[in-house]
Amino acid sequence: ILDEVTFTLDTAICPDDELMVNGNVYNQDNLTGQETLISAMGCDSIVTIDLELLTDQSGSLDTFYCAGDMLVIAGEIFDENNTTGTIVLTDAASTGCDSILVVQLMLAEDAMGTLDTVLCPEDVLTIGGMNFDATNPTGEFILPNAANNGCDSIVMVFVDFELPDVQYEINV
């Protein structure tokens, strides 16, 4: 006479995992049970199922971005047209389960400024590699990533040209 064999199947599964024993499905909704397996020799094996449910890990990415920037996560592009979303990184958690990342991008504004000055007619003002003179008195230049928030600084330049107001007196 052979004795029946008993053993316990205790392992951890992720929320979407399934384990089939003796035609029965064990998953997050059915973590425990007992199955009787019959061998070809007629002896029974009793399997006690005791599963631990691991959880998917989740996190969030809440950050600012500048106009024209884009962020690519797991092949998904986030930019001014797509600022929010949920990314599932399959089996990426330390437990082997999925990692879920909730993305929320917020637009950081470019810094805007104005330079309004007066020069003599023959003077040239050079800023950011651009020359402003009597024939080119206005314009805009961009200082990439120069704003406090890391975005661009945009400066509008307005130059007026005037002859100096010189007053003199000749004493003889």
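Each remark here, short or long, concerns the structure printed above.
Residues numbered from 1 in each chain as written. Predicted model: local features only at pLDDT ≥ 70, side-chain atom pairs only at ≥ 80, totals over all residues. Heavy atoms only, no water.

Draft legend 1. Structural context of the overall build of the protein chain. Helix and strand counts for the protein chain stand at zero helices and 17 strands. Projected onto the principal axes, the alpha-carbon positions of the protein chain cover approximately 140 × 25 × 20 Å. Counting over 172 residues, the protein chain shows a buried share of 24%. Here the contacts in the protein chain between residues at least 6 apart in sequence split such that 50% fall between residues at least 24 apart. Per element, the accessible surface of the protein chain, about 11700 Å² overall, is 50% carbon and sulfur. (Helix = DSSP H or I, 4+ residues; strand = E, 2+ residues; numbered from the N terminus. Buried < 20%, exposed > 50% of the residue type's maximum accessible area, 1.4 Å probe, protein only. Contact = heavy atoms within 4.5 Å. Areas by Shrake-Rupley, 256 points an atom, 1.4 Å probe, with all protein chains shown as cover.)

Draft legend 2. The arrangement of the state of the cysteines in detail. In this structure the tally under the stated criterion is two disulfides. Two residues, Cys14 and Cys97, share a disulfide whose sulfurs are 2.0 Å apart. Measuring handedness by torsion sign, the sulfur bridge of Cys14 and Cys97 sits at about -95° and is left-handed. Of the two residues, Cys14 is situated in the loop between β2 (12-13) and β3 (19-21) and Cys97 in the loop between β11 (84-89) and β12 (99-108); the sequence distance between them amounts to 83 residues. For Cys14, a relative accessible area of 10% translates into the label buried. Each bonded cysteine in the protein chain gets a number by its place in the sequence, and the pairs come out as 1-3, 2-4. (Disulfide = S-S within 2.5 Å.)

Draft legend 3. Main features of the sheet that holds β11. The three strands are arranged β8-β12-β11 in an open sheet whose pairing can be described as mixed. The open sheet has two free edges, formed respectively by β8 (57-66) and β11, since each of these has just one partner strand. Neighbour-to-neighbour, the strand axes of this sheet turn through a mean angle of 20°, independent of strand direction. Relative to β12, β8 runs parallel, the two being bridged by ten bridges. What sits directly across from Ser58, in β12, is Ile100. (Pairing = 2+ DSSP bridges. Axes fitted to C-alpha atoms, helices over the stretch in contact; angles between N-to-C directions.)

Draft legend 4. Here's a closer look at the nonpolar core. With eight residues, the main nonpolar core is built from Leu119, Leu125, Ile127, Phe132, Phe141, Val155, Val157 and Val159. Counting residues per element, the ones that place at least two in this core are β14 (125-127) and β17 (153-161). By residue number, the principal contributor to this core is β17, which donates three residues. Contacts of Phe141, omitting those with residues within four sequence positions, involve Ile127, Met130, Ser153, Ile154, Val155 and Val157. (Core = buried A, V, L, I, M, F, W, Y, C linked by side-chain atoms within 4.5 Å.)

That's the geometry; what it means functionally is another story.
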